[in-house]
Each structure stands twice: as C-alpha cells, then as structure tokens.
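So you can see what is in the structure, the chains are spelled out below.
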Amino acid sequence: GDLIFFARFFNFFSQRVYKIMEFSKMKVDELRKQCKNLGIDSEGTKAMLLSRLKQKTGENKGVKRANSSEEAEQPTKKAKAENGESKVETKEETKEEEKEKTKTKAKSSTKEDKKKEKKEEQEKEEEEEKETETDNKEKKNKKKKGNDEEEEEQKEEEKKTEKETKKKGKSEEEEEAETEKEEKKEEEEVKIPEKKEEPVVFKDGEENFDDEVIWGEVEFWENSVRPLKPKATNIVIKSKDPSNPNKKTETGYRFKIFYPLIEEGSPNPTYHVQTDEEETVLRIHAGKPYQDLCYRISGKNWLTNQKDGYLCKFEEKVFYLNFDLKSN
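Keep in mind that this is a model prediction, so the values were computed, not measured. (Residues numbered from 1 in each chain as written. Predicted model: local features only at pLDDT ≥ 70, side-chain atom pairs only at ≥ 80, totals over all residues. Heavy atoms only, no water.)

Undergrad: Requested: an account of the overall build of the chain, with residues and values cited.
TA: Along the chain, the regular secondary structure elements total 7 helices and 9 strands. A fraction of 56% describes how many contacts in the chain between residues 6 or more apart in sequence connect residues 24 or more apart. As displayed, the chain offers around 27000 Å² of accessible surface, 47% of which is attributable to carbon and sulfur atoms. (Helix = DSSP H or I, 4+ residues; strand = E, 2+ residues; numbered from the N terminus. Contact = heavy atoms within 4.5 Å. Areas by Shrake-Rupley, 256 points an atom, 1.4 Å probe, with all protein chains shown as cover.)

Undergrad: With reference to specific residues and values, describe unusual backbone geometry.
TA: Geometrically, the link from Lys288 to Pro289 is a cis peptide bond, its omega value of 10° lying close to zero. Tracing the sequence through the fold places Pro289 in the loop between β5 (280–285) and β6 (293–297). The backbone phi angle of Glu316 is positive, close to 50°, even though this residue is not glycine. With respect to the helices and strands, Glu316 occurs in the loop between β8 (311–315) and β9 (318–325). Notably, Lys317 is not glycine yet its phi reads approximately 60°, a positive angle. Positionally, Lys317 belongs in the loop between β8 and β9.

Undergrad: Could you give me a rundown of the pattern of salt bridges, with the residues and numbers involved?
TA: Tallied over the full model, the rule gives 8 salt bridges. Of the charged contacts in the structure, one is a salt bridge between Asp41 and Arg52, with a shortest N-O distance of 3.9 Å. You can see Asp41 sitting in the loop between α2 (28–38) and α3 (46–57) and its partner Arg52 sitting in helix α3, a full 11 residues away along the chain. For Asp41, a relative accessible area of 44% gives the class partly exposed. When salt bridges with common partners are traced through the structure, they connect Asp211, Glu279 and Arg296 into a single cluster. (Salt bridge = Lys/Arg side-chain N within 4 Å of Asp/Glu carboxyl O. Buried < 20%, exposed > 50% of the residue type's maximum accessible area, 1.4 Å probe, protein only.)

Undergrad: Account for the pairing of strand β2 (residues 235–240), with residues named and values stated.
TA: Here strand β1 (residues 206–208) pairs with β2 via 3 bridges, running antiparallel. The residue bridging Glu206 from the neighbouring strand is Ile237, located in β2. When β2 meets strand β3 (residues 248–258), the two strands line up antiparallel, connected through 6 bridges. By the bridge assignment for β3, Ser239 is matched with Thr249. (Pairing = 2+ DSSP bridges.)

Undergrad: Describe in detail the pairing of β5, supporting the description with residues and values.
TA: By the criterion of burial, β5 is predominantly enclosed, with 5 of the 6 residues buried. Across 6 bridges, strand β4 (residues 270–275) lies against β5 in antiparallel orientation. Opposite Gln274, over in β5, you have Val281 as the bridge partner. Taken together, β4 and the strand that follows it, β5, pair antiparallel across an intervening segment of 4 residues.

Undergrad: Mind laying out the nonpolar core, listing which residues take part and the relevant values?
TA: Ranked by size, the top nonpolar core spans 21 residues in total, and within it Tyr253, Phe255, Tyr259, Ile297 and Phe323 carry the most contacts. Secondary-structure elements contributing two or more residues to this core are β3, β5, β6 and β9. Examining the composition of this core, we find that 4 residues originate from one element, β9, more than from any other. Look past the residues within four positions of Tyr253 in its chain and what remains in contact with it is Phe209, Ile235, Val236, Ile297, Ser298, Leu321, Asn322, Phe323 and Leu325. (Core = buried A, V, L, I, M, F, W, Y, C linked by side-chain atoms within 4.5 Å.)

Such coordinate-based values are descriptive only and should not be taken to indicate function.
Pasting the structure below:
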C-alpha cells in the first residue's frame, strides 16, 4: 500500500514540475489564459504572471526537491540561464507593451484626426453658407438700388416732359412775362449794401451828366442772370464858347461809379473810348455782376497829365475818372 501511494504521489509531482517548466516557455497571452483557468489574476507583466502560477502550483517546493542534486552540481549555469531567459522575456514584454501603446496611440490619433477633419468640414460648410447668404444680400441690394435709380430717372424724365409740354402750351407773351418776373426776383435777391450818399454840390460851370448810350447788346452772366446796373454820379464841366458866347462847350468830365458787390481780389474797373463817324463813346467795364456803362462824350483830345486834373483810380469800391479836354 505504501508503494502504491508513493507511485501516485510521484506521478502527480512530476506532472506539476513539467507544467511549471512549460510556463516559462509560454507567451504572455498563454500565461494569462492559464491564470484565468486556474482562477488567478491575469493582469500584469510576464514575471508577475509566472510568480502567481508558481505560487499556485507549488513550484518552489517541487522544484527544490526534484532538482536538488542538479542545482548543487551546477548552480552557476542555471542562474545564468535563468537571468538570460528573464532578460529576453522582459525585452519581449517591453516590445509587446510598446506595440500595444503605439496601436492605442495610433487609434486615438486617427480618431482625433477624424474629429478634426469633421470639424473643419463643418466650419467650411458654415463659411460657404455665410458667403452665399452675403452674396445673395448684396445682389438684392444692388437690384433695389438699380430699381430706385431707374424710378428716379423715370420721374426726372416725366418732369422734363411736363415742363416741355407746359412751355409749348404757353404763348410767347406768357413766356416774356415769366422771364420779366424771374429777373425782378433775382434783382430783389441781390442785396446791395446801402451807403449814405452825399448830396452833389455843383460848382460854377458844372452840371449833371447822364448822356448814357446803349452800345451793343447787354451780355448776360451764367444761368441767364441779368447783370446789375451800377449807380453813378457824373458831372460835365461847360464853359462859354469864345466864338459864340451864347453857347456853352464841354471842357471836362467827372465820373464817380459805385461797385459795392465786386469781390475782393477781382480786377479793377477799366474804361475804353470807342469812336465812330458820328459820335465818341466812353465805355466803363467792371465785370461780374455789373453791366457796362456807356456815355456819349465830346470827341476832343484829353489832358492826361495829373497836373491838369487827370485822375483814374478805384478806391473803396468806387471808380473815379476825371479828365479835361484840350481847347484845340
């Protein structure tokens, strides 16, 4: 009976030792499966799994008993071999762990890239939608502006046609009356600054001179504005004719013309003498907004020396022209 018990125990022990020797050759996945079959924790490195399996199967005791003689003979060889195997196993484990990490990183990176791509696509779609909306709004605004401009042009054309029809329907007399009214209004709008005019005192031989002549047509300014006629106080000097004491002849003139509306910096008024077969005309020109004044004067030559009383100046917006005539 003792022999039978001993034989059974030896078979059981030899099977356990064989299994323990096989565990060291297994890979990590196979060791985890063995741990799960034995009901042991299957997480961790290969060294941890082997230690758990050894504890479960009683490796420490069995291995010492079975291989006590061999370990005593060659302890150094076994230690070196085990160290080499453990190093190889740790290297394989680190490689496998690195591979798993790279796989997980790659999966996570691919997921993140996909999410980023989806976000970018959504942002692009939103931007395109916004651009299309702005383009549509601009087109609508342009259409509205174009329609408004067309309506304004049509209204202006209608007004022009109405004015033309009204002008055609009116007679010439009505048009003349309207032009006269407009001229009066424009003259009223132009406000001339009022100045106190000193009364003219005539000396011996002096008389008021107003022999004005219409020389040519009156020139109109821009926008059909009729020019203004300036005020003037003119004097003619007369003396008895030695050949005929009953008659008086003209011996000189004194012109004083007011231009209150001439702008500063504009040219000073000037005069021109225009002769004809029948008469001699003195033309005084000041420019806008005044018309020219023309006077019929004697055809005798002038004394143009200041000692003889000649004066031509423009001062405080008043034009002075004084001259005497030669006796011959």
